[in-house]
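# Inside the fold
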Amino acid sequence: MAGEPQDDCLFCKIVEGHVPATIVRETESTVAFRDINPQAPVHILVIPKVHYANAAALATAEPTVAADVLREAQAVADEEKLESYRLVFNTGPGAGQTVFHAHAHILGGRGMQWPPG
Ligand code: AMP
Ligand code: ZN
């Protein structure tokens, strides 16, 4: 489901201010906040304010907002002075998605391995 805030969605609660988060940037359509369990020295999530289950749903339904998420990811990287960073959209439980509200992980501040685990 998309559009309305979902009662059982942690990231909708962060957007609404009902769950605290360390917000680093906010626009009309997006929020960026620090991951509670960082996997790199810099680990920030960028989410659309509107609920979509994953990046694919977001890109299909709201391509303008999907572009806003990408633009905000670069803005976060600039603010954090990351010359290189990894941008990850885990999509589906098999890929490690645990929160089903679209989000981009920005990971930086250390070397990265490829292929990822
Ligand atoms: P994913 O596993 O791709 O769905 O990513 C979900 C991310 O949300 C994980 O990296 C979690 O550490 C992070 N996370 C879970 N709860 C919170 C929270 N309350 N505030 C910030 N990040 C969170
Ligand atoms: Zn949500």
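Parameters and conventions
Residues numbered from 1 in each chain as written. Chains lettered and ligands numbered in written order. Predicted model: local features only at pLDDT ≥ 70, side-chain atom pairs only at ≥ 80, totals over all residues. Heavy atoms only, no water. Donors = N, O, S within 2.8 Å, 3.2 Å for Na, K, Ca; no water. Tetrahedral: all angles 85-135°; square planar, octahedral: opposite > 155°, others 65-115°. Near = heavy atom within 4 Å. Polar contact = N/O pair within 3.5 Å; in protein donor to acceptor, adjacent residues only side chain to side chain. Areas by Shrake-Rupley, 256 points an atom, 1.4 Å probe, with all protein chains shown as cover. 1 Å grid on protein atoms, 1.4 Å probe; cavity = no way out; pocket = protein on both sides within 12 Å on 5 of 7 lines; lining within 4 Å. Sits in = over half its atoms within 2 Å of the grid points. Salt bridge = Lys/Arg side-chain N within 4 Å of Asp/Glu carboxyl O. Helix = DSSP H or I, 4+ residues; strand = E, 2+ residues; numbered from the N terminus. Contact = heavy atoms within 4.5 Å. Phe/Tyr/Trp six-rings, centres within 6.5 Å; stacked < 30°, edge-to-face > 60°. Buried < 20%, exposed > 50% of the residue type's maximum accessible area, 1.4 Å probe, protein only.

### Let's talk about the coordination of the zinc ion (ligand 2)
Of the protein atoms, only Cys9 (SG), Cys12 (SG), His51 (ND1) and His101 (ND1) coordinate the zinc ion (ligand 2), at distances of 2.1 to 2.3 Å. For the zinc ion (ligand 2), the four donor atoms in the first shell make angles of 107 to 115° at the metal, a pattern classed as tetrahedral.

### Here's the deal with the site of ligand 1
Taken together, 15 residues are adjacent to ligand 1, and Asp35, Asn90, Gly96, Thr98 and His105 come closest. A distance of 2.7 Å separates an oxygen atom of ligand 1 from a polar backbone atom of Gly96. A distance of 2.7 Å is found between an oxygen atom of ligand 1 and a backbone nitrogen or oxygen belonging to Thr98. Contact with the protein chains hides 85% of the accessible area of ligand 1, taken as 500 Å² for the molecule alone. Judged by the proximity of its atoms to the pocket grid, ligand 1 belongs to the largest pocket.

### A few points about the pattern of salt bridges
A complete count under the given rule lists five salt bridges for this structure. Among the ionic pairs, Arg25 bridges to Glu72, the shortest N-O distance being 2.7 Å. Here the residue Arg25 occupies a position in strand 1 (residues 23-26), and Glu72 occupies one in helix 3 (residues 63-79), the gap between them amounting to 47 residues. Among the salt bridges present, the one from Arg25 reaches Glu79, with a minimum N-O distance of 2.8 Å.

### Let's talk about the environment of Arg110
Positionally, Arg110 belongs in the segment after strand 5 (104-108). With 26 residues separating them along the chain, Arg110 and Ser84 place their C-alpha atoms 9.1 Å apart. In contact with Arg110, other than residues within four places in its own chain, are Gln39, Ala40 and Pro41. From its side chain, Arg110 meets the backbone oxygen of Gln39 in a polar contact 2.9 Å long.

### Notes on the packing of aromatic side chains
Aromatic ring pairs: the centre-centre distance and the angle between the two ring planes describe each pair. The tally for this structure, following the rule as stated, stands at one aromatic pair. With a centroid separation of 5.3 Å and an interplanar angle of 80°, the aromatic rings of Phe11 and Phe33 are classed as edge-to-face. Placement of the pair is Phe11 in helix 1 (residues 10-16) and Phe33 in strand 2 (residues 30-34), with a sequence separation of 22 residues. Here Phe11 and Phe33 have matching classes, each one buried.

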